[in-house]
Amino acid sequence: MAQIQFRPGVPGVLPSAWLIRPRTGSAAPPVLAIHGLNRETELMASMLEAQADSTGRTVVLPIFDRTSWPRFQRAACKQRSDWALLALLRVLRREGWIGETPPDISGFSGGAQFAHRFTWLYPDCAGKLCLVAPGWWTFPDTRGAYPYGIAPGDPADSTSVFRMRANLARFLDREIHVMVGALDVKQDKNLRQDPCVMAQQGPNRVERARRWTAAAIRAARRCGLRPRISFQLMEDCGHSFGDCMANGSLGPAFVSEATPNPLVPALLDHHHLEEVA
Amino acid sequence: MHIVDMNSSAAPLLAGAKWSFVTRRVRRGGIRLLNTDLTTAKSGDLVLAEVQAIGNHKRLQLSDGRYSALYPKDRVVLACADRFAEDQYEGIAALSPEGADLLAGGGVVGHMRSRNGKVKNPTRLSVIGRLADEEEHVVNIADYALKIVPGPRPRRVIGVLGTGMNAGKTAAAAGLVNGFARLGDRVAAIKATGTGSFGDVHSYEAAGAAEVLDFTDAGLASTYRQPEARLEDVTRSLLAATAECDIAIVELADGVSQVETADLLRRPSYRALFDAFVLAAPGALAARGALHWLSTEAEIAPIALTGLMTQAPLAVAEAETLGLPVFSREHLADPATASCLSGILAHRVREGAA
């Protein structure tokens with residue numbers, strides 16, 4: 001079996017992390033698996049162990065603890081969880097856990113929020129993205145003011161807006177696989193329900209994921225890219241990482257084969273995407 | 001010739017002398033003689049002087065990076081050179097038996113031609129002589145310049161320009177250095193023109209630069225009144241010396257319309273050393289004027305604005321109407337901004353190659 005190791009961090013400086021090293025070492029780029037707001041990293045690590053072995057990929061699960069990074073999902077938040085992840089990657093490279101190749105990033109719920117925003121800020125620091133059931137998104141268009149979209153809003157955000165707009169094409173120029181449980185339609189306490197979000201993004205995670213995927217495809221085309229952005233609805237799954245792993249197809253997508261992902265074309269929900277787009 | 005054998009009567013003159021920042025590359029063991037003929041002094045010559053009256057500069061930047069307070073009768077080792085500083089002095093590389101002026105705290109001695117009304121007269125020096133080797137060759141800091149073979153430059157080069165002195169160029173350069181270093185890049189910081197001073201060098205080092213060089217490493221105590229072709233060679237050489245870095249941040253002194261800076265920026269071969277420029281300004285109107293100058297005189301379109309104006313939100317709002325992003329030093333020191341600028345640079349490199 002794969003070896004799971006806990007690497008302690010430094011509060012507020014360097015996140016702790018679970019590190020899963022596959023039984024057979026591999027030169028494949030690692031996968032960063034980003035937890036949600038409940039921070040169930042131990043559970044995630046145990047569930048991803050077999051997938052690390054079967055793909056031969058090192059999996060890194062950073063732990064953005066509640067005290068140091070309470071709003072880590074925003075990435076460029078006050079506590080700068082993006083800087084913390086950059087620091088962790090630097091340390092793991094120095095210690096030989098991972099190589100120089102940018103990692104693929106997968107995130108569940110709040111972790112998917114972080115994953116898409118981090119990759120948007122640092123397009124060269126990430127490979128493929130697997131974004132699962134985030135509560136709300138930053139949309140790649142101007143239908144919402146930042147952070148809901150990239151339209152100018154608060155003058156204090158002008159630098160953030162500039163960075164996101166300047167990085168847009170580089171962000172979208174990658175495989176992005178969006179997933180959500182078909183039953184993930186409850187308006188729970190972790191789902192942002194501001195009127196503007198409800199209107200722009202939809203009433204639940206399923207609708208929000210669909211709308212974001214369609215918007216991302218449109219934005220990629222506007223950037224002159226051939227979109228590699230796909231959407232998958234996981235049947236019989238709610239808002240639970242465990243359910244999605246057990247009942248859905250989350251495992252092979254969350255820690256996918258390092259070669260071009262064979263799952264994606266087969267799992268595309270083309271019909272719905274065309275409707276929304 | 002007026003040569004004094006340092007091994008006999010003149011040697012005590014050098015003992016205990018304070019060696020200034022601009023002399024830091026000189027191997028002191030090679031100095032044997034003192035040349036007291038001051039009429040042929042040229043820029044870069046090593047000068048032994050004695051402090052007579054303390055003026056504007058009350059401290060000397062030492063070769064080891066520390067300040068040393070100056071006292072009357074201190075012996076100091078300096079470099080003869082020109083000086084251009086709107087907020088201090090204009091001076092030329094000339095020495096006289098009647099005395100000379102400390103033109104810059106980094107260790108530049110010469111003859112003051114004019115001074116800003118807000119500053120005192122320069123610290124006054126008596127020139128003991130120029131330092132020479134055993135073959136009677138007057139030592140020049142160019143003798144100890146980096147031996148550089150022309151070669152490639154770092155993969156990406158950003159130039160930091162300003163509207164004038166104290167526009168915020170060094171803070172911006174240091175911010176860029178820090179942002180790219182924290183993004184994971186190996187960053188070179190280069191001061192390409194100006195007057196030798198350890199302040200800029202220290203700022204770059206503090207920001208995390210992996211390599212720090214300035215024109216004194218290329219053999220110039222000051223770049224004022226130097227031929228533009230030589231200055232281009234200096235920048236080219238310093239870039240070649242840092243070619244192993246991922247990116248170089250290159251600061252040019254003074255304002256874009258300062259004579260040497262302007263001449264350099266007008267040269268297509270010089271501009272070709274850079275992938276992009278940022279412009280530091282103390283206010284929006286100054287930025288507007290500099291952008292116009294750069295566009296019409298040098299075909300340069302900076303990718304961002306920065307500088308002292310970013311301390312004032314109202315000035316930032318006005319500057320943003322110029323159509324460029326306005327980054328504070330803190331923004332520039334953010335790896336997220338470095339990431340964004342990386343993309344812009346890559347796009348420019350691709351377009352340039354196309």
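Being a predicted model, the structure only gives us computed values, none of them experimental.

Caption draft 1: Examining the packing of helix α4 (residues 228–241) of chain B against helix α5 (residues 259–266) of chain B more closely. All names here are of chain B. α5 packs onto α4 with a crossing angle of 75 degrees between their chain directions and a minimal axis gap of 10 Å. Relative to α5, α4 is oriented roughly perpendicular. On α5, the residues touching Glu228, Leu231 and Glu232 of α4 are Glu260, Asp263 and Leu264. The residue makeup of the contact of α4 with α5, split by class, is two nonpolar, no polar and four charged.

Caption draft 2: How the structure looks around the interface of chain B and chain A. At the interface, 15 residues of chain B touch 17 residues of chain A. Looking at the side of chain B that touches chain A, the elements that each hand over two or more residues are α8 (313–320) and α10 (335–353) of chain B. Its residues placed into classes, the side of chain B that touches chain A shows seven nonpolar, six polar and two charged.

Caption draft 3: Seen up close, helix α2 (residues 81–94) of chain A. All names here are of chain A. Look at α2: 20 Å from first C-alpha to last across 14 residues, which is about the 20 Å you get at 1.5 Å a residue. Restricting attention to buried positions, one finds in α2 the residues Ser81, Asp82, Ala84, Leu85, Leu86, Leu88, Leu89 and Leu92. Count one or two residues on from α2 and you reach glycine 96, which has phi positive near 85 degrees.

Caption draft 4: Structural detail: helix α6 (residues 205–222) of chain A. Residues and elements named next belong to chain A. Its 18 residues place the ends of α6 25 Å apart at the C-alpha level, agreeing with the 26 Å of an ideal helix rising 1.5 Å per residue. All of the buried residues in α6 are Arg205, Arg208, Ala209, Arg210, Trp212, Thr213, Ala215, Ala216, Ile217, Ala219 and Ala220. Positioned one or two residues after α6, glycine 224 has a phi angle of 85 degrees, which is positive.

Caption draft 5: Local environment of the nonpolar core. All names here are of chain B. Counting residues in hydrophobic clusters, the biggest one holds 195 residues, and the most contacted among them are Val177 and Ile249. For this core, the element with the most residues is helix α2 (residues 169–183), which contributes nine residues. When sequence neighbours within four positions are dropped, the list of residues in contact with isoleucine 249 reads Ile158, Val160, Ala173, Leu176, Val177, Val187 and Ala189.

Rules behind the numbers
Residues numbered from 1 in each chain as written. Chains lettered and ligands numbered in written order. Predicted model: local features only at pLDDT ≥ 70, side-chain atom pairs only at ≥ 80, totals over all residues. Axes fitted to C-alpha atoms, helices over the stretch in contact; angles between N-to-C directions. Helix = DSSP H or I, 4+ residues; strand = E, 2+ residues; numbered from the N terminus. Parallel < 35°, antiparallel > 145°, perpendicular 65-115°, else oblique. Contact = placed C-beta atoms within 7 Å. Nonpolar A, V, L, I, M, F, W, Y, C, P; charged D, E, K, R; others polar. Expected span 1.5 Å × (residues − 1). Buried ≥ 20, exposed ≤ 12 C-beta atoms within 10 Å, placed from the backbone. Core = buried A, V, L, I, M, F, W, Y, C linked by C-beta atoms within 7 Å.

In short, the description is geometric, and any link to function would need to be established separately.
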